[in-house]
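Next come the chains, spelled out residue by residue.
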Amino acid sequence: MKENYIRLPGIDNTNINLTIKADAAFTEPLTVTVGGTEYPATLALYNKESCYDGTYNYVNVTVQNKDSVLKSLSEIAVTDGTASGVSEYRNLMTKYSGTTASIDTSWYSEDEDNYAIATSADLYGLSNVIMKQGVNFANKKIYLISDIEVNKGRATISGWSLVEEDGTTAIKDATEYAWSKIGTYGTPFAGTFDGQGHTISGICYSGTEAYYGLFGKTSNSTIKNLKLKNSSFVYSGTSIAYLGAIAGSASGTFENVKSEAFISSTHQNNGGIVGHVNGELDIIGCWYSGTMRLVGTNAKNAGGIVGSVSTNSVSSMEQCLFDGIITGGATGTEGYGGLCGQMYENAELSLSDNIVLGTITSSGNNFIGTIVGYIYGNTTTATLRVNNTYIK
C-alpha cells in the first residue's frame, strides 16, 4: 500500500475528515491512533445521523501535530473500545490553521433540477451528495457560476507542492486538501455539468484508488464549457488506473473542455481528458496541454485526449487538440497515442478535424502512434475512421 502524505507545516491544530473501514458502527467517545500516538476523535458532524453505512464510518479526527509530516494513512486506526477500523484513502480532507476544506451541501435539494456551484465547499458538496447519498444527478444540471480555486499551491508532475519552484520559498496561504472526485464506480455522475466558461484550479490527488479525475466516473453525462488548470493527479497503484484529468471513465458528451493538469500513473488507461471510454462518448472541442508521465512497465494505454476505448464501446472526437507532453517507459503490446492510447476489440473511434501538436516519447518498446497508439484484436478488430486530422 503506497504511503499518502498530508503536509502539516507549522500547524498546531489540524482536523482531518476520515472515512474509516470498520467492523461495526462507532459510538463516542473515540480514540484515534496516529503513528502510535493516541488522540481524541468525534463522529463527523456532516454525516452524524448516518455515520455508519454497514461498511464505512465517517470520523472527524483532531490531531495535535506541529511541524511534521503525517505519513501513511494506514497508520491511522480508530476504536471506541468495541468497534475498530483503519482509514481508507478516499474523502480525506485536511483543515489548515482554522481554514477549512469544508463541505457545503446546502445548495442541494432533491426536488430541484438545476443547481449553482460557486465555491470549493460546493464542489466538495457535489462529491459528497453522490458518494454519501447515492444521488447520480440524472436529468439534473449543475452550473458553475464562478471560478473555483480548491488549493493554493503549485501543481507538479510529482504531486502538489507548497513551495515555489526554487524548492524553498513557501507559497503564501498554501493548502493541500486531497480531492474526493465527482462520481464513483458504483454511482457515476449522470447529469450535466456546465462550467459556463469558468476555471477550476488547485485540484490535487495522490493515491492508489482507481477511477479518478475531477470526475471519477460518468454515465451518459454532459460535461462542457470548463477549464482545469494548476492541478495534479498522481496514481501509484498496482491495478488498472482509469485516470483522466477530467474523468477517469466516461460515457456521454464532453464539449469545450480544456485541461492543463499534470498526470502521473503506474498503470493502464490514462487520458488527458478521459482515462477510459466505457459505452458511447462524443468528445467535441476538447484540449489537453498538460504533461503526462507513465512510470514503470505497467503504465500503458495513454492518450492525449483518451487513454483507451473499451471493448464494444463507440467514441468520436471532433475539433480536439493535443499539444501537451506524454513520456513513459511501458513495454509490451500497449499504446501511447496523441488522441487515443489504445482501442480494444470491437471498439469504434471516429476522428474528424483534430490537431496533434504534442510530443510522445518512451524508453520502452511499446507502440507509439501520433493519432492512436495501438489497436488490439484477437478474433475481431476495432474500427478507426479518420477525417481531416492534422499532425505535426
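Residues numbered from 1 in each chain as written. Predicted model: local features only at pLDDT ≥ 70, side-chain atom pairs only at ≥ 80, totals over all residues. Heavy atoms only, no water.

## Section: the environment of A261
In this structure, A261 sits in the loop between β20 (247–259) and β21 (262–265). Dropping the residues within four chain positions of it, A261 is found in contact with L228, S231, F233, A245, Y288, G290 and T291. (Helix = DSSP H or I, 4+ residues; strand = E, 2+ residues; numbered from the N terminus. Contact = heavy atoms within 4.5 Å.)

## Some remarks on the packing of aromatic side chains
A full pass over the atoms with the stated rule returns 16 aromatic pairs. With a centroid separation of 6.1 Å and 80° between ring planes, the pair formed by W107 and Y108 is classed as edge-to-face. Y108 shares its class with W107; the two are buried. For the pair F367 and Y374, a centre-to-centre distance of 4.8 Å together with 35° between the ring planes defines the contact as tilted. Owing to a relative accessible area of 18%, Y374 belongs among the buried residues under this scheme. Cluster of aromatic residues (ring-pair linked, three or more members): W107, Y108, Y115, F137, F189, F193 and F215. Sitting above the plane of the W287 ring, K258 keeps its charged end 3.7 Å from the centroid. (Phe/Tyr/Trp six-rings, centres within 6.5 Å; stacked < 30°, edge-to-face > 60°. Buried < 20%, exposed > 50% of the residue type's maximum accessible area, 1.4 Å probe, protein only. Lys NZ or Arg CZ within 6 Å of the ring centre and 35° of its normal.)

## Regarding the nonpolar core
F137, F193, F254 and M317 are the most contacted members of the largest nonpolar core, which has 70 residues in total. Setting aside its immediate chain neighbours within four residues, F254 contacts T218, S221, I223, I246, A247, I273, V274, L281, D282, I283, I284 and C286. Counting 6 residues, the second largest nonpolar core, distinct from the first, contains A155, W160, I171 and C204. (Core = buried A, V, L, I, M, F, W, Y, C linked by side-chain atoms within 4.5 Å.)

## Remarks on the sheet that holds strand β36 (residues 367–369)
Here 5 strands make up an open sheet; going across it, the order is β19-β22-β26-β31-β36 and the pairing parallel. Every other strand in the sheet has two partners, leaving β19 (243–244) and β36 as the edge strands with one partner each. (Pairing = 2+ DSSP bridges.)

## Looking at unusual backbone geometry
Backbone geometry places Y242, a non-glycine residue, at a positive phi of 50°. Considering the arrangement of structural elements, one finds Y242 in the loop between β18 (232–235) and β19. Classification of Y242 by relative accessible area gives buried; the value is 15%. At Q319, a position not held by glycine, the phi torsion is positive, near 55°. Residue placement: Q319 occurs in the loop between β28 (314–318) and β29 (321–322).

## Section: the state of the cysteines
Two cysteines joined by a covalent bond between their sulfur atoms form a disulfide. By the definition in use, this model includes 0 disulfides. Looking at the unpaired C286, the closest cysteine sulfur is the one in C320, lying at 5.0 Å. By relative accessible area, C286 is classed as buried at 1%. On the accessibility criterion, C320 (1% relative accessible area) is buried. (Disulfide = S-S within 2.5 Å.)

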